[in-house]
Amino acid sequence: MFKNSKLLSLLLSVLFVFSSMGAGISAQAKTTSQLRSEKQKIQQEIDDAQSKLDSLAKEKSETEEYLVALRSKISLLQDKIDTLESDKEALQAEINAIEQKIDKTEKELENAQKEIDKKQAEFDANYELYCQRLRAMYVSGSVSNLEVLLTCKDMSAMLTRSQMIKSVSQQDSEALDKLMKKMEEIEAQKQELEIKRNELNEDKEALESDKKELQESINEINASKSQLDEEAAECNALMRKLSSQSTEYMEMIETNQEQIREIENEIRAAAAAASQGSGSLPASTGGGNGSLRYPTDSTSISAGFPYYSSGGYHGGIDFPVPVGSNVYAAESGTVILVKYLTYSYGYYVMIDHGDGLSTLYAHNSAINVSVGQKVTRGQVIAQSGSTGNSTGPHCHFEVRVNGTQVNPLSYL
(Lines give C-alpha, C1' and ligand atoms only; values in the text may rest on other atoms or scores of the structure.)
Protein backbone atom coordinates (compact mmCIF):
# COMPACT_ATOMS: atom_id res chain seq x y z
CA MET A 1 0.00 0.00 0.00
CA PHE A 2 2.89 2.33 0.72
CA LYS A 3 5.74 3.14 -1.62
CA ASN A 4 8.17 3.49 1.22
CA SER A 5 7.25 1.34 4.24
CA LYS A 6 10.54 2.10 6.01
CA LEU A 7 9.81 5.84 5.87
CA LEU A 8 6.30 5.25 7.28
CA SER A 9 7.66 3.13 10.14
CA LEU A 10 10.19 5.84 10.97
CA LEU A 11 7.54 8.55 10.95
CA LEU A 12 5.19 6.47 13.13
CA SER A 13 8.00 6.04 15.64
CA VAL A 14 8.64 9.78 15.59
CA LEU A 15 4.93 10.43 16.16
CA PHE A 16 4.89 8.07 19.15
CA VAL A 17 7.85 9.87 20.69
CA PHE A 18 6.28 13.27 20.05
CA SER A 19 2.95 12.14 21.54
CA SER A 20 4.74 10.91 24.66
CA MET A 21 6.48 14.28 24.96
CA GLY A 22 3.19 16.13 24.66
CA ALA A 23 1.63 14.11 27.49
CA GLY A 24 4.58 14.87 29.72
CA ILE A 25 4.27 18.62 29.43
CA SER A 26 1.17 18.84 31.60
CA ALA A 27 2.30 16.17 34.09
CA GLN A 28 3.58 18.72 36.57
CA ALA A 29 3.96 22.44 37.00
CA LYS A 30 7.15 23.87 35.52
CA THR A 31 9.05 27.10 35.93
CA THR A 32 8.98 29.73 33.20
CA SER A 33 12.61 28.93 32.27
CA GLN A 34 11.77 25.22 31.96
CA LEU A 35 8.71 26.03 29.86
CA ARG A 36 10.77 28.24 27.54
CA SER A 37 13.41 25.53 27.18
CA GLU A 38 10.65 23.04 26.38
CA LYS A 39 9.21 25.45 23.84
CA GLN A 40 12.58 25.80 22.09
CA LYS A 41 12.95 22.03 21.94
CA ILE A 42 9.45 21.61 20.50
CA GLN A 43 10.09 24.37 17.97
CA GLN A 44 13.20 22.54 16.75
CA GLU A 45 11.14 19.37 16.33
CA ILE A 46 8.47 21.35 14.47
CA ASP A 47 11.16 22.64 12.11
CA ASP A 48 12.38 19.06 11.58
CA ALA A 49 8.84 17.91 10.85
CA GLN A 50 8.42 20.79 8.39
CA SER A 51 11.62 19.75 6.62
CA LYS A 52 10.18 16.26 6.23
CA LEU A 53 6.95 17.73 4.88
CA ASP A 54 8.87 19.89 2.43
CA SER A 55 10.81 16.88 1.12
CA LEU A 56 7.60 14.90 0.67
CA ALA A 57 5.80 17.84 -0.91
CA LYS A 58 8.51 18.12 -3.56
CA GLU A 59 7.47 14.67 -4.72
CA LYS A 60 3.92 16.00 -5.04
CA SER A 61 2.62 12.84 -3.40
CA GLU A 62 -0.60 13.15 -1.40
CA THR A 63 0.11 9.88 0.33
CA GLU A 64 -0.36 8.54 3.83
CA GLU A 65 3.36 9.14 4.43
CA TYR A 66 2.69 12.86 4.01
CA LEU A 67 -0.37 12.60 6.26
CA VAL A 68 1.73 10.97 9.00
CA ALA A 69 4.29 13.79 8.84
CA LEU A 70 1.54 16.40 8.82
CA ARG A 71 -0.12 14.82 11.88
CA SER A 72 3.27 14.84 13.63
CA LYS A 73 3.66 18.55 13.02
CA ILE A 74 0.11 19.26 14.18
CA SER A 75 0.71 17.29 17.37
CA LEU A 76 3.88 19.30 18.00
CA LEU A 77 2.09 22.59 17.33
CA GLN A 78 -0.54 21.64 19.90
CA ASP A 79 2.24 20.80 22.39
CA LYS A 80 3.85 24.17 21.66
CA ILE A 81 0.57 26.00 22.26
CA ASP A 82 0.05 24.11 25.53
CA THR A 83 3.58 25.12 26.62
CA LEU A 84 2.97 28.74 25.61
CA GLU A 85 -0.34 28.75 27.49
CA SER A 86 1.43 27.43 30.61
CA ASP A 87 4.13 30.08 30.17
CA LYS A 88 1.43 32.73 29.81
CA GLU A 89 -0.27 31.56 33.00
CA ALA A 90 3.06 31.58 34.85
CA LEU A 91 3.80 35.11 33.62
CA GLN A 92 0.33 36.29 34.60
CA ALA A 93 0.85 34.84 38.08
CA GLU A 94 4.16 36.71 38.34
CA ILE A 95 2.50 39.93 37.19
CA ASN A 96 -0.30 39.54 39.75
CA ALA A 97 2.25 38.92 42.53
CA ILE A 98 4.31 41.98 41.54
CA GLU A 99 1.20 44.18 41.31
CA GLN A 100 0.16 43.08 44.79
CA LYS A 101 3.67 43.78 46.08
CA ILE A 102 3.65 47.23 44.45
CA ASP A 103 0.28 48.06 46.02
CA LYS A 104 1.56 46.94 49.43
CA THR A 105 4.82 48.88 49.08
CA GLU A 106 3.02 52.06 47.98
CA LYS A 107 0.80 51.88 51.06
CA GLU A 108 3.86 51.31 53.27
CA LEU A 109 5.58 54.29 51.64
CA GLU A 110 2.53 56.44 52.22
CA ASN A 111 2.36 55.47 55.91
CA ALA A 112 6.12 55.88 56.34
CA GLN A 113 6.01 59.34 54.77
CA LYS A 114 3.20 60.34 57.13
CA GLU A 115 5.25 59.14 60.12
CA ILE A 116 8.31 61.07 58.90
CA ASP A 117 6.24 64.21 58.36
CA LYS A 118 4.84 63.88 61.86
CA LYS A 119 8.28 63.48 63.44
CA GLN A 120 9.65 66.29 61.30
CA ALA A 121 6.91 68.59 62.55
CA GLU A 122 7.73 67.65 66.17
CA PHE A 123 11.42 68.23 65.53
CA ASP A 124 10.79 71.60 63.90
CA ALA A 125 8.63 72.73 66.84
CA ASN A 126 11.18 71.65 69.46
CA TYR A 127 14.03 73.09 67.48
CA GLU A 128 12.25 76.41 67.22
CA LEU A 129 11.70 76.49 71.01
CA TYR A 130 15.36 75.70 71.60
CA CYS A 131 16.42 78.44 69.20
CA GLN A 132 14.06 80.92 70.87
CA ARG A 133 15.65 80.13 74.23
CA LEU A 134 19.14 80.73 72.86
CA ARG A 135 18.05 84.01 71.23
CA ALA A 136 16.43 85.15 74.48
CA MET A 137 19.61 84.43 76.41
CA TYR A 138 21.63 86.39 73.86
CA VAL A 139 19.25 89.37 73.80
CA SER A 140 19.10 89.56 77.59
CA GLY A 141 22.86 89.96 77.61
CA SER A 142 23.53 86.86 79.70
CA VAL A 143 27.15 86.71 80.79
CA SER A 144 29.41 83.79 81.35
CA ASN A 145 28.91 81.40 84.27
CA LEU A 146 32.11 82.65 85.87
CA GLU A 147 30.92 86.26 85.75
CA VAL A 148 27.62 85.30 87.34
CA LEU A 149 29.38 83.59 90.23
CA LEU A 150 31.93 86.38 90.82
CA THR A 151 29.21 89.01 91.14
CA CYS A 152 27.74 87.23 94.14
CA LYS A 153 27.91 89.18 97.44
CA ASP A 154 28.39 86.14 99.64
CA MET A 155 29.04 82.41 99.58
CA SER A 156 25.37 81.55 100.03
CA ALA A 157 24.35 83.53 96.95
CA MET A 158 27.21 81.95 94.99
CA LEU A 159 26.02 78.43 95.85
CA THR A 160 22.45 79.29 94.93
CA ARG A 161 23.49 80.76 91.57
CA SER A 162 25.77 77.82 90.89
CA GLN A 163 22.89 75.39 91.40
CA MET A 164 20.66 77.44 89.04
CA ILE A 165 23.36 77.51 86.33
CA LYS A 166 23.79 73.77 86.63
CA SER A 167 20.03 73.17 86.32
CA VAL A 168 19.67 75.45 83.27
CA SER A 169 22.68 73.83 81.62
CA GLN A 170 21.29 70.36 82.23
CA GLN A 171 17.94 71.34 80.74
CA ASP A 172 19.62 72.76 77.64
CA SER A 173 21.72 69.62 77.28
CA GLU A 174 18.69 67.33 77.57
CA ALA A 175 16.77 69.43 75.05
CA LEU A 176 19.64 69.26 72.62
CA ASP A 177 19.99 65.49 73.12
CA LYS A 178 16.29 65.01 72.37
CA LEU A 179 16.58 67.09 69.25
CA MET A 180 19.60 65.10 68.03
CA LYS A 181 17.88 61.77 68.75
CA LYS A 182 14.75 62.85 66.92
CA MET A 183 16.84 64.02 63.96
CA GLU A 184 18.67 60.65 63.83
CA GLU A 185 15.33 58.78 63.85
CA ILE A 186 14.05 60.91 61.00
CA GLU A 187 17.21 60.36 58.95
CA ALA A 188 17.07 56.59 59.52
CA GLN A 189 13.43 56.47 58.42
CA LYS A 190 14.25 58.57 55.36
CA GLN A 191 16.96 56.08 54.40
CA GLU A 192 14.51 53.16 54.80
CA LEU A 193 12.00 55.11 52.75
CA GLU A 194 14.54 55.61 49.98
CA ILE A 195 15.36 51.88 49.94
CA LYS A 196 11.67 51.05 49.62
CA ARG A 197 11.30 53.58 46.81
CA ASN A 198 14.20 51.95 44.94
CA GLU A 199 12.63 48.50 45.45
CA LEU A 200 9.32 49.89 44.20
CA ASN A 201 10.97 51.25 41.05
CA GLU A 202 12.68 47.89 40.45
CA ASP A 203 9.34 46.10 40.86
CA LYS A 204 7.69 48.49 38.41
CA GLU A 205 10.46 47.84 35.87
CA ALA A 206 10.04 44.08 36.36
CA LEU A 207 6.28 44.48 35.93
CA GLU A 208 6.69 46.31 32.63
CA SER A 209 9.15 43.66 31.44
CA ASP A 210 6.77 40.82 32.37
CA LYS A 211 3.84 42.59 30.72
CA LYS A 212 5.86 43.00 27.53
CA GLU A 213 6.87 39.34 27.64
CA LEU A 214 3.25 38.32 28.31
CA GLN A 215 2.09 40.23 25.23
CA GLU A 216 4.82 38.57 23.16
CA SER A 217 3.67 35.19 24.44
CA ILE A 218 0.04 36.01 23.57
CA ASN A 219 1.11 37.08 20.08
CA GLU A 220 3.07 33.84 19.63
CA ILE A 221 0.08 31.80 20.83
CA ASN A 222 -2.20 33.53 18.32
CA ALA A 223 0.33 33.00 15.52
CA SER A 224 0.76 29.32 16.47
CA LYS A 225 -3.01 28.83 16.59
CA SER A 226 -3.34 30.34 13.12
CA GLN A 227 -0.61 28.03 11.86
CA LEU A 228 -2.29 25.07 13.59
CA ASP A 229 -5.62 25.90 11.95
CA GLU A 230 -3.95 26.05 8.52
CA GLU A 231 -2.15 22.73 9.03
CA ALA A 232 -5.31 21.11 10.43
CA ALA A 233 -7.32 22.30 7.42
CA GLU A 234 -4.73 20.79 5.05
CA CYS A 235 -4.67 17.58 7.08
CA ASN A 236 -8.48 17.29 7.13
CA ALA A 237 -8.69 17.91 3.37
CA LEU A 238 -6.10 15.18 2.78
CA MET A 239 -7.93 12.79 5.11
CA ARG A 240 -11.17 13.37 3.21
CA LYS A 241 -9.39 12.63 -0.05
CA LEU A 242 -7.76 9.48 1.29
CA SER A 243 -11.03 8.39 2.89
CA SER A 244 -12.83 8.76 -0.43
CA GLN A 245 -10.30 6.34 -1.90
CA SER A 246 -10.83 3.71 0.82
CA THR A 247 -13.30 2.60 3.48
CA GLU A 248 -11.28 4.06 6.36
CA TYR A 249 -13.29 7.02 7.61
CA MET A 250 -11.28 9.11 10.03
CA GLU A 251 -12.05 11.65 12.71
CA MET A 252 -10.79 15.00 11.49
CA ILE A 253 -8.29 17.09 13.42
CA GLU A 254 -9.93 19.18 16.15
CA THR A 255 -7.84 22.20 17.15
CA ASN A 256 -10.02 23.30 20.08
CA GLN A 257 -8.28 21.35 22.83
CA GLU A 258 -10.47 22.90 25.51
CA GLN A 259 -13.61 21.43 23.91
CA ILE A 260 -11.93 18.02 23.65
CA ARG A 261 -10.97 18.12 27.33
CA GLU A 262 -14.50 19.13 28.29
CA ILE A 263 -15.95 16.18 26.38
CA GLU A 264 -13.51 13.71 27.92
CA ASN A 265 -14.09 15.10 31.41
CA GLU A 266 -17.86 14.81 30.96
CA ILE A 267 -17.54 11.22 29.76
CA ARG A 268 -15.30 10.25 32.68
CA ALA A 269 -17.59 12.00 35.16
CA ALA A 270 -20.64 10.15 33.81
CA ALA A 271 -18.77 6.84 33.99
CA ALA A 272 -17.62 7.56 37.55
CA ALA A 273 -21.16 8.44 38.65
CA ALA A 274 -22.55 5.29 37.04
CA SER A 275 -19.90 3.07 38.64
CA GLN A 276 -21.75 3.40 41.95
CA GLY A 277 -24.40 1.04 40.59
CA SER A 278 -24.16 -2.67 39.93
CA GLY A 279 -24.25 -4.72 36.72
CA SER A 280 -23.89 -8.16 35.28
CA LEU A 281 -20.60 -7.69 33.42
CA PRO A 282 -17.27 -7.63 35.29
CA ALA A 283 -14.95 -4.87 34.09
CA SER A 284 -12.21 -7.43 33.48
CA THR A 285 -14.07 -9.37 30.80
CA GLY A 286 -12.11 -9.57 27.58
CA GLY A 287 -10.14 -11.79 25.27
CA GLY A 288 -12.63 -11.53 22.41
CA ASN A 289 -15.03 -13.90 24.18
CA GLY A 290 -18.20 -12.36 22.78
CA SER A 291 -19.35 -10.78 26.04
CA LEU A 292 -20.47 -7.80 23.92
CA ARG A 293 -22.29 -7.96 20.58
CA TYR A 294 -21.29 -5.97 17.51
CA PRO A 295 -22.96 -2.53 17.40
CA THR A 296 -23.88 -2.80 13.69
CA ASP A 297 -25.06 -5.51 11.33
CA SER A 298 -21.70 -5.26 9.61
CA THR A 299 -18.67 -6.73 11.36
CA SER A 300 -16.24 -5.17 8.90
CA ILE A 301 -13.78 -2.86 10.65
CA SER A 302 -12.20 0.02 8.76
CA ALA A 303 -10.05 1.46 11.55
CA GLY A 304 -8.81 -0.31 14.66
CA PHE A 305 -7.63 0.59 18.14
CA PRO A 306 -5.51 2.56 19.08
CA TYR A 307 -4.20 4.08 15.78
CA TYR A 308 -5.35 4.81 12.27
CA SER A 309 -3.13 3.52 9.49
CA SER A 310 -1.92 7.11 9.15
CA GLY A 311 -0.63 7.08 12.73
CA GLY A 312 -3.27 9.26 14.42
CA TYR A 313 -4.68 8.11 17.77
CA HIS A 314 -7.99 6.25 17.55
CA GLY A 315 -9.81 5.54 20.80
CA GLY A 316 -12.16 2.89 19.42
CA ILE A 317 -12.94 0.87 16.30
CA ASP A 318 -14.96 1.95 13.24
CA PHE A 319 -17.66 0.05 11.40
CA PRO A 320 -18.25 1.59 7.92
CA VAL A 321 -22.02 1.48 7.31
CA PRO A 322 -24.40 3.64 5.24
CA VAL A 323 -26.12 6.62 6.84
CA GLY A 324 -29.28 5.51 8.66
CA SER A 325 -28.07 1.99 9.45
CA ASN A 326 -29.18 0.56 12.79
CA VAL A 327 -26.82 0.95 15.75
CA TYR A 328 -27.39 -1.62 18.51
CA ALA A 329 -26.67 -1.66 22.24
CA ALA A 330 -23.71 -3.98 22.72
CA GLU A 331 -25.18 -5.14 26.05
CA SER A 332 -28.01 -4.34 28.42
CA GLY A 333 -27.52 -1.31 30.60
CA THR A 334 -28.49 2.29 31.34
CA VAL A 335 -28.02 5.25 29.03
CA ILE A 336 -25.80 7.76 30.90
CA LEU A 337 -24.97 10.27 28.13
CA VAL A 338 -26.72 11.53 25.01
CA LYS A 339 -25.09 14.43 23.17
CA TYR A 340 -25.78 16.27 19.94
CA LEU A 341 -22.48 17.93 19.03
CA THR A 342 -21.46 19.63 15.79
CA TYR A 343 -17.81 18.66 16.45
CA SER A 344 -15.78 15.77 17.84
CA TYR A 345 -18.08 12.73 18.41
CA GLY A 346 -21.09 14.45 16.83
CA TYR A 347 -24.31 12.75 17.96
CA TYR A 348 -23.22 10.13 20.48
CA VAL A 349 -24.64 7.77 23.10
CA MET A 350 -22.96 6.24 26.13
CA ILE A 351 -24.33 3.21 27.98
CA ASP A 352 -23.27 1.95 31.41
CA HIS A 353 -23.24 -1.84 31.77
CA GLY A 354 -22.21 -1.98 35.42
CA ASP A 355 -18.97 -2.74 37.26
CA GLY A 356 -17.13 0.12 35.52
CA LEU A 357 -17.82 -1.12 31.97
CA SER A 358 -19.40 1.28 29.46
CA THR A 359 -19.75 1.59 25.68
CA LEU A 360 -19.91 4.65 23.43
CA TYR A 361 -21.43 5.00 19.94
CA ALA A 362 -20.48 8.12 17.95
CA HIS A 363 -21.17 10.05 14.70
CA ASN A 364 -24.83 8.98 14.56
CA SER A 365 -27.38 10.73 12.36
CA ALA A 366 -30.19 10.15 14.88
CA ILE A 367 -30.50 8.91 18.48
CA ASN A 368 -33.48 6.88 19.70
CA VAL A 369 -32.83 6.79 23.47
CA SER A 370 -32.52 9.27 26.33
CA VAL A 371 -30.45 9.60 29.50
CA GLY A 372 -31.62 7.29 32.28
CA GLN A 373 -33.36 4.89 29.91
CA LYS A 374 -32.82 1.14 30.40
CA VAL A 375 -31.84 -0.68 27.21
CA THR A 376 -31.44 -4.34 26.35
CA ARG A 377 -28.72 -6.13 24.41
CA GLY A 378 -29.33 -5.72 20.67
CA GLN A 379 -31.85 -2.88 21.06
CA VAL A 380 -31.66 -0.21 18.34
CA ILE A 381 -30.38 2.91 20.06
CA ALA A 382 -29.42 5.09 17.06
CA GLN A 383 -28.96 5.39 13.30
CA SER A 384 -25.44 5.66 11.95
CA GLY A 385 -24.15 8.79 10.25
CA SER A 386 -21.19 11.11 9.85
CA THR A 387 -21.89 13.91 12.34
CA GLY A 388 -19.10 15.75 14.16
CA ASN A 389 -15.50 15.45 12.96
CA SER A 390 -15.91 12.57 10.54
CA THR A 391 -14.77 12.04 6.95
CA GLY A 392 -17.52 9.55 6.12
CA PRO A 393 -20.49 7.50 7.42
CA HIS A 394 -19.55 4.96 10.09
CA CYS A 395 -20.21 3.88 13.64
CA HIS A 396 -17.34 4.76 15.97
CA PHE A 397 -17.53 2.27 18.83
CA GLU A 398 -15.66 2.53 22.13
CA VAL A 399 -15.39 0.30 25.17
CA ARG A 400 -14.35 1.99 28.39
CA VAL A 401 -13.36 0.59 31.77
CA ASN A 402 -13.84 3.13 34.56
CA GLY A 403 -13.92 5.83 31.89
CA THR A 404 -10.69 4.78 30.17
CA GLN A 405 -10.68 3.61 26.55
CA VAL A 406 -9.68 -0.03 26.02
CA ASN A 407 -9.52 -2.26 22.95
CA PRO A 408 -13.12 -3.16 21.94
CA LEU A 409 -11.90 -6.27 20.12
CA SER A 410 -11.14 -7.81 23.51
CA TYR A 411 -14.88 -7.80 24.24
CA LEU A 412 -16.50 -8.66 20.87
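Residues numbered from 1 in each chain as written. Predicted model: local features only at pLDDT ≥ 70, side-chain atom pairs only at ≥ 80, totals over all residues. Heavy atoms only, no water.

**Observations regarding the overall build of the protein**
At step 1: For the protein, the helix and strand inventory stands at 6 helices and 10 strands.
At step 2: Buried positions account for 40% of the 412 residues belonging to the protein.
At step 3: Restricting the contact set of the protein to residue pairs at least 6 apart, pairs at least 24 apart contribute 71%.
At step 4: Just so you have it, the protein exposes about 22,100 Å², and 51% of that area is on carbon and sulfur atoms. (Helix = DSSP H or I, 4+ residues; strand = E, 2+ residues; numbered from the N terminus. Buried < 20%, exposed > 50% of the residue type's maximum accessible area, 1.4 Å probe, protein only. Contact = heavy atoms within 4.5 Å. Areas by Shrake-Rupley, 256 points an atom, 1.4 Å probe, with all protein chains shown as cover.)

**What to know about the sheet that holds strand β8 (residues 380-383)**
At step 1: Taken in spatial order, the 3 strands make up an open sheet running β2-β8-β6, and their pairing is antiparallel. Where the open sheet ends on each side, the last strands, each with one partner, are β2 (326-328) and β6 (366-367).
At step 2: Taken together, the 3 bridges between β2 and β8 define a ladder with antiparallel strand orientation. Of the residues in β8, the one forming a bridge with V327 is A382. (Pairing = 2+ DSSP bridges.)

**Regarding the pairing of strand β3 (residues 333-340)**
At step 1: Within β3, 6 of the 8 residues are buried, which leaves the element mostly enclosed by the surrounding structure.
At step 2: Strand direction decides the pairing type here: β3 and strand β7 (residues 374-375), joined by 2 bridges, are antiparallel. Counterpart to G333 in the pairing with β7 is V375.
At step 3: Sheet topology places β3 next to strand β4 (residues 347-354); 6 bridges connect them, and they run antiparallel. If you follow Y340 over to β4, its bridge partner there is Y347.

**Topic: the pattern of salt bridges**
At step 1: A full pass over the atoms with the stated rule returns 15 salt bridges.
At step 2: Measuring nitrogen to oxygen at the nearest pair gives 3.1 Å for the salt bridge that ties R268 to E264. Of this pair, R268 and E264 both sit in helix α6 (residues 257-274), 4 residues apart, roughly one helical turn.
At step 3: The exposure class assigned to R268 is partly exposed, which follows from its relative accessible area of 37%. (Salt bridge = Lys/Arg side-chain N within 4 Å of Asp/Glu carboxyl O.)

**With respect to the nonpolar core**
At step 1: Core analysis: the largest hydrophobic core is formed by 23 residues, its most contacted members being V349, I351, Y361, I381 and F397.
At step 2: Secondary structure elements with two or more residues in this core: β1 (317-319), β3, β4, β5 (357-364), β8 and β9 (395-401).
At step 3: Sort the elements by how many residues they give to this core and β9 lands first, with 4 residues.
At step 4: Here I381 is in contact with V327, Y328, A329, V349, I351, Y361, I367, N368, V369 and V375, once residues within four sequence places are set aside.
At step 5: Judged by nonpolar contacts, the second largest core, of 15 residues, contains I46, L70, I74 and M239. (Core = buried A, V, L, I, M, F, W, Y, C linked by side-chain atoms within 4.5 Å.)

**What to know about the confidence of the model for the protein**
At step 1: Looking at the protein, the pLDDT average stands at 77 and 72% of residues meet or exceed 70.
At step 2: Counting interchain partners and residues more than four positions distant, the pLDDT-below-50 stretch residues 1-27 has 41 contacts.
At step 3: For the stretch residues 279-286, pLDDT sits under 50, and the model shows 20 contacts to residues farther than four places along the chain or on other chains. (pLDDT = per-residue confidence, 0-100.)

**Looking at the side chain of H314**
At step 1: One can find H314 in the loop between α6 and β1.
At step 2: In this structure the side chain of H314 is engaged in a polar contact, spanning 2.8 Å, whose partner is the backbone oxygen of G304.
At step 3: Separated by 3.2 Å, the side chains of H314 and H396 make a polar contact. (Polar contact = N/O pair within 3.5 Å; in protein donor to acceptor, adjacent residues only side chain to side chain.)

**Some words on α6**
At step 1: With 18 residues, α6 should reach 26 Å at 1.5 Å per residue; the first-to-last C-alpha distance of 26 Å fits that figure.
At step 2: Regarding α6, the residues found buried are I263, I267, A270, A271 and A274. The buried residues of α6 occupy an angular sector of 100° when projected down its axis, which confines them to one face.
At step 3: Residues of α6 that are buried in the fold lie against β3, β4, β5 and β9. (Expected span 1.5 Å × (residues − 1). Arc of directions from axis to C-beta.)

**A look at the pairing of β8**
At step 1: Taken together, the 2 bridges between β6 and β8 define a ladder with antiparallel strand orientation. If you follow A366 over to β8, its bridge partner there is Q383.

**Section: the packing of aromatic side chains**
At step 1: Scanning all chains against the criterion turns up 6 aromatic pairs.
At step 2: Ring plane angle 70° and centroid distance 4.9 Å describe the contact between Y340 and Y347, whose orientation is recorded as edge-to-face.
At step 3: Residue classification places Y347 among the partly exposed residues on the basis of a relative accessible area of 26%.
At step 4: On the basis of an interplanar angle of 55° and a centroid distance of 5.2 Å, the ring pair of Y345 and Y348 is categorised as tilted.
At step 5: For Y345, a relative accessible area of 7% puts it in the buried group.
At step 6: In this arrangement the basic side chain of R293 is found over the ring face of Y328, its NZ or CZ atom lying 4.4 Å from the centre. (Phe/Tyr/Trp six-rings, centres within 6.5 Å; stacked < 30°, edge-to-face > 60°. Lys NZ or Arg CZ within 6 Å of the ring centre and 35° of its normal.)

**Looking at unusual backbone geometry**
At step 1: Here the bond from F305 into P306 is cis, since omega is 5°, no more than 30 degrees from zero.
At step 2: Here P306 is to be found in the loop between α6 and β1.
At step 3: The phi torsion at S344 lies on the positive side, around 50°, for a residue other than glycine.
At step 4: Note that S344 resides in the loop between β3 and β4.
At step 5: Residue classification places S344 among the buried residues on the basis of a relative accessible area of 14%.

**With respect to the environment of G315**
At step 1: Among the secondary structure elements, G315 is positioned in the loop between α6 and β1.
At step 2: C-alpha of G315 to C-alpha of E398: the two residues are 83 residues apart in sequence and 6.7 Å apart in space.
At step 3: The contacts of G315, once residues within four sequence positions are left out, are F305, H396, E398 and Q405.

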